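Each chain is listed here by its residues.
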Amino acid sequence: MLTVDELMTRELVTLKEDDDIVRGDDLLAEYDIRHLPVVKDGKLVGLVSHRDLIRALARHERSPGSPPVQVRDVMTRAPETLRPRSSVREAIHKLLDRKFGCVPVVEDGDRLVGILTETDLIRLAGRLLDKDERH
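For every chain, the first residue of the written sequence is number 1, and numbering continues from 1 onward in sequence order. With the structure being a predicted model, the display of local features is reserved for residues of pLDDT at least 70 and the display and counting of side-chain atom pairs for 80 or more, all residues being used for whole-chain, interface and lining totals. Excluded from the side-chain calculation are hydrogens and water; included are all heavy atoms of the structure.

## Things to note about helix H1 (residues 21-31)
Spacing of three or four residues puts side chains on the same side of an α-helix, whose turn is 3.6 residues.
Move 1: Classification of residues uses two cut-offs on accessible area relative to the type maximum, computed with a 1.4 Å probe and protein chains only: under 20% is buried, over 50% is exposed, and between them is partly exposed. Think of it this way: any DSSP run of H or I at least four residues long counts as a helix, any run of E at least two long counts as a strand, and we number them from the N terminus. Among the residues of H1, those classed as buried are Ile21, Gly24, Leu27 and Leu28. Considered in projection along H1, the buried side chains sweep an arc of 110 degrees and stay on one side of the axis. Opposite the buried face of H1, at more than 90 degrees from it, the exposed residues are Ala29 and Glu30.
Move 2: Contacts described as polar in this section are N or O atom pairs within 3.5 Å, which, within protein, must combine one atom able to donate a hydrogen with one able to accept it, while residues neighboring in sequence count only if both atoms come from side chains. At the N-terminal boundary of H1, the capping side chain belongs to aspartate 20, with an oxygen 2.7 Å from the backbone nitrogen of valine 22.
Move 3: Just downstream of H1, aspartate 32 is the residue with a positive phi angle, here 55 degrees. Each C-beta atom gives one direction from the helix axis, and the arc is the one those directions make.

Put into structure tokens, the structure is as follows:
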């Protein structure tokens with residue numbers, strides 16, 4: 001059985017709840033990613049997507065002079081997660097059924113250890129197709 005642990009991205013870019021959303025937008029651009037887990041003391045507390053930030057930045061621009069918006073104000077709290085030993089089949093169904101672009105991977109009390117994204121699954125599909133074509 002193929003597990004999430006074998007495909008997930010381990011080198012994570014994260015945010016803190018009190019980070020400004022502009023920082024989140026900068027990180028997405030710098031690392032060319034679309035999702036940022038939000039952590040507190042190494043534990044997952046939320047998730048921010050590119051779409052969340054675009055909406056928040058647009059609202060903020062319409063309200064000049066308003067205080068900076070913090071990540072805690074736009075993040076999805078207690079996002080659904082997977083465990084490293086979860087099957088890839090379970091992960092695929094979770095992504096498709098819920099229309100998620102990613103699922104954070106946690107263990108031992110919500111300690112963030114990775115993230116499984118649509119891109120990770122597309123890479124797997126590419127490897128499987130390459131292998132199939134060689135045979």
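Now that the structure has been shown, the text picks up again.
## Some details on the pattern of salt bridges
Move 1: Take a side-chain nitrogen of Lys or Arg and a carboxyl oxygen of Asp or Glu: if they are within 4 Å of each other, that pair is a salt bridge. Counted under the stated rule, the structure contains eight salt bridges.
Move 2: The partner of aspartate 19 in a salt bridge is arginine 23, and the shortest N-O contact between them spans 3.7 Å.
Move 3: You can call arginine 23 partly exposed: its relative accessible area is 41%.
Move 4: Residues joined in a network through salt bridges with shared partners are Glu80, Lys94 and Arg98.

## Remarks on the nonpolar core
The nonpolar side chains of soluble globular proteins are, as a tendency, buried together.
Move 1: As used here, the term nonpolar core means buried Ala, Val, Leu, Ile, Met, Phe, Trp, Tyr and Cys residues forming a set that is joined through side-chain atoms within 4.5 Å. In this structure, Leu15, Ile21 and Val48 are the most contacted members of the largest nonpolar core, which totals 15 residues.
Move 2: At the level of secondary structure, the elements contributing two or more residues to this core comprise H1, strand S1 (35-40) and helix H2 (50-61).
Move 3: The next biggest cluster of nonpolar side chains, apart from the first, holds 13 residues, and it includes Val4, Met8, Leu82 and Leu116.

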